[in-house]
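If you want the building blocks of each chain, they are given just below.
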Amino acid sequence: QVQLVESGGGLVQAGGSLRLSCAASGSMFIINVMGWYLQVPGNQRELGAIISSRGIPNYSDSVKGRFTISRDNAKNTVYLQMNSLKPEDTAVYYCNAHVRSTASGSFSFYWGQGTQVTVSS
């Protein structure tokens, strides 16, 4: 019942910035925690940043101080502002949402399709 659509990825030089967006659409849902996870080839998907429904963020050590996660609950959208990008940030970034169904009351996790971020040196 929920679809997450990501945008904002691309190619950027080291030291540059990108902003990722993820918009949730559907019906009969309430979003709790949202987040961004990253995956490089051959590695497991790992946490980048998450944000609570009230806007409390948590970051992995690798992105802390450089990335900022935020959300607009009126738009059901989460953002990841990425500054001071490094080549090691190159990965596919996946949006995640923990969602409650207002129809059933149950909770589910949803994933976006992923967006490629490539940082060149």
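In this text, all values refer to a predicted model and were calculated from it rather than measured experimentally.

A few words now on the state of the cysteines. Tallied over the full model, the rule gives one disulfide. Sulfur-sulfur distance for the disulfide between cysteine 22 and cysteine 95 comes to 2.1 Å. Residues cysteine 22 and cysteine 95 are joined by a disulfide whose S-S torsion is about -85°; by sign, that bridge is left-handed. Here cysteine 22, found in strand 3 (residues 18–26), pairs with cysteine 95, found in strand 9 (residues 91–101); they are 73 residues apart in sequence, far enough to count as distant. On the basis of relative accessible area, cysteine 22 is assigned to the buried category, the value being 0%. Accessibility expressed as a relative area gives 0% for cysteine 95, which makes it buried.

Tallying each qualifying case throughout the model produces one aromatic pair. Here tyrosine 37 and tryptophan 111 contribute two aromatic rings whose centre-to-centre distance is 5.1 Å and whose plane-to-plane angle is 70°, an arrangement assigned as edge-to-face. Taken as a pair, tyrosine 37 in strand 4 (residues 29–39) and tryptophan 111 in strand 10 (residues 107–111) lie far apart in primary sequence, 74 residues in all. Above the face of the tryptophan 111 ring, arginine 45 is positioned so that its terminal group lies 4.6 Å from the ring centre.

A sheet is described by the order of its strands in space; here four strands give the open sequence 1-3-8-7, paired in antiparallel fashion. Taken across any chain shown, the strands that pair with only one partner, and hence form the sheet edges, are strand 1 (2–7) and strand 7 (67–72). Between one strand and the next, the sheet's axes are offset by a mean angle of 15°, whatever the strand orientation.

Before going further, it helps to examine the pattern of salt bridges. Summed over all chains, the structure comprises one salt bridge. In this structure, the salt-bridge partner of arginine 66 is aspartate 89, at a minimum N-O distance of 2.7 Å. Placement of the pair is arginine 66 in the loop between strand 6 (57–59) and strand 7 and aspartate 89 in the loop between strand 8 (77–82) and strand 9, with a sequence separation of 23 residues. Per residue, the accessibility class of arginine 66 equals that of aspartate 89, and both read buried.

Criteria and thresholds
- Residues numbered from 1 in each chain as written.
- Predicted model: local features only at pLDDT ≥ 70, side-chain atom pairs only at ≥ 80, totals over all residues.
- Heavy atoms only, no water.
- Disulfide = S-S within 2.5 Å.
- Helix = DSSP H or I, 4+ residues; strand = E, 2+ residues; numbered from the N terminus.
- Buried < 20%, exposed > 50% of the residue type's maximum accessible area, 1.4 Å probe, protein only.
- Phe/Tyr/Trp six-rings, centres within 6.5 Å; stacked < 30°, edge-to-face > 60°.
- Lys NZ or Arg CZ within 6 Å of the ring centre and 35° of its normal.
- Pairing = 2+ DSSP bridges.
- Axes fitted to C-alpha atoms, helices over the stretch in contact; angles between N-to-C directions.
- Salt bridge = Lys/Arg side-chain N within 4 Å of Asp/Glu carboxyl O.

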